[in-house]
Amino acid sequence: MKKYKHLFFDLDETLWDYKANAVDTLIELFEKFELGTKGDLTSDDFVAEFFRTNGELWGKFDKRQIEKDQIRRERFPLIFERLGVDAHEIVDSMQKCFIHESPKKPKLIDYAAEILQALLKHYNMHIITNGFEEIQATKLKYSGLDIYFQEVITSERAHAQKPDPEIFLFALKTVNAKASESVMIGDNLVTDIQGARNVGMEQIFFNPCKITHDLDVTHEINHLFELSGILLNV
Ligand SMILES: [Mg+2]
């Protein structure tokens, strides 16, 4: 007998390829704003500094040290400060462009669409994501992921962000599911895995970079293809 009735997926970096989509957007911004004319800045430097700074700010957000709005406000000024480039006159429009364009990029994590298609007839599937309603909806629509999910629970909608138990409880209540018949699938050990564990939900840790850890997870996979072995009994 099937163990789960409801599958809850994280979105960014579990299904939607945040990194690849951000790189494509940043390269477009580099050209649009003619950053190549500012000193000897290359698009590689710009992209690398974006990920360093953005990762740092998201890390602070996950530890609740800063608000999400601060990430948006501070990342581009900080990136250019660190690159030693004077770009104060374009940072605002650059940020707006990034927010507007990157969610429309459609790249998915390898095998995401295939596995969702295969799981669709066996499970009720939903998203639990720390993000804004409008942005996450744009990502789902433009990437074609929207067709697979019944409910999309964002932190904005739940008024709580993973790993806060509130967002998981809100999701379970919204779809009328029990924790015992649900599983959370995500790439973040703290927000997705520990968060789900805290409300008694089993977890599948998607660990493509094979990071080492000592958390006791229900299942661990390095590629989305492996979900078929766990969820489709093949
Ligand atoms: Mg994620």
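Residues numbered from 1 in each chain as written. Predicted model: local features only at pLDDT ≥ 70, side-chain atom pairs only at ≥ 80, totals over all residues. Heavy atoms only, no water.

## Here's the deal with the coordination of the magnesium ion
Taken together, Asp 10 (OD), Asp 12 (O) and Asp 187 (OD) make up the protein donors of the magnesium ion, found 2.1 to 2.2 Å from the metal. Expressed as a motif, the donor residue spacing for the magnesium ion is D-x1-D-x174-D. Taken as a pair, Asp 10 in the loop between β1 (6-9) and α1 (18-32) and Asp 187 in the loop between β4 (182-186) and α9 (189-198) lie far apart in primary sequence, 177 residues in all. Given a relative accessible area of 26%, Asp 187 falls into the partly exposed group. (Donors = N, O, S within 2.8 Å, 3.2 Å for Na, K, Ca; no water. Helix = DSSP H or I, 4+ residues; strand = E, 2+ residues; numbered from the N terminus. Buried < 20%, exposed > 50% of the residue type's maximum accessible area, 1.4 Å probe, protein only.)

## What about the pattern of salt bridges?
All told, the structure shown has 14 salt bridges when counted by the stated rule. Taking the shortest distance from any N to any O, the salt bridge between Lys 5 and Glu 181 comes out at 3.8 Å. Remark: Glu 181 occurs in the loop between α8 (165-175) and β4 and Lys 5 occurs in the segment before β1; sequence separation between them is 176 residues. Judged by its relative accessible area of 46%, Lys 5 falls in the partly exposed class. With its nearest N and O atoms 3.4 Å apart, the salt bridge here joins Glu 89 to Lys 38. In this pair, Glu 89 sits in the loop between α3 (68-83) and α4 (91-101) while Lys 38 sits in the loop between α1 and α2 (43-62), placing the two residues 51 residues apart along the sequence. Here the salt bridges do not stand alone but share partners, grouping Glu 49, Arg 52, Glu 56 and Arg 82 into one network. (Salt bridge = Lys/Arg side-chain N within 4 Å of Asp/Glu carboxyl O.)

## Some thoughts on the environment of Lys 32
Here Lys 32 is to be found in helix α1. For Lys 32, a relative accessible area of 57% puts it in the exposed group. Considering only alpha carbons, one finds Lys 32 and Met 94, 62 residues apart in sequence, at a separation of 9.4 Å.

## Details of the packing of aromatic side chains
Per the stated rule, a full pass over the model turns up twelve aromatic pairs. When the ring of Phe 50 is compared with that of Phe 98, the centres are 5.0 Å apart and the planes differ by 45°; the resulting orientation is tilted. Pair noted here: Phe 50 is in helix α2 and Phe 98 is in helix α4, with a separation of 48 residues, a long-range link. Pair check on accessibility: Phe 50 and Phe 98 agree, each one buried. Arranged with centres 5.2 Å apart and planes meeting at 70°, the rings of Tyr 111 and Phe 225 form a pair that is edge-to-face. Here Phe 225 lies in the loop between β6 (219-221) and α10 (227-231) and Tyr 111 lies in the loop between α4 and α5 (112-120), a separation of 114 residues in the sequence. The rings of Phe 30, Phe 46, Phe 50, Phe 51, Phe 76, Phe 80 and Phe 98 are connected pair by pair, giving a single aromatic cluster. We note Lys 68 situated over the ring of Phe 132; from NZ or CZ to the ring centre the distance is 5.3 Å. (Phe/Tyr/Trp six-rings, centres within 6.5 Å; stacked < 30°, edge-to-face > 60°. Lys NZ or Arg CZ within 6 Å of the ring centre and 35° of its normal.)

## Structural notes on the domain arrangement of the protein
Taken domain by domain, the protein consists of domain 1 (6-17 + 108-231) and domain 2 (18-104). A separation of 26 Å is found between the C-alpha centroids of domain 1 and domain 2. On the side of domain 2, 14 residues touch domain 1, which itself brings 16 residues to the contact. Of the roughly 1,400 Å² buried between domain 1 and domain 2, counting both surfaces, carbon and sulfur atoms make up 53%. Linking domain 1 with domain 2 are two salt bridges, by the criterion used here. We note a salt bridge from Asp 164 to Arg 64, for which the minimum N-O separation is 3.8 Å. The dominant element in the side of domain 1 that touches domain 2, judged by the number of residues it contributes, is helix α6 (residues 133-143), at four residues. (Domains from an automatic or database assignment. Contact = heavy atoms within 4.5 Å. Buried area = accessible area lost by both parts, 1.4 Å probe.)

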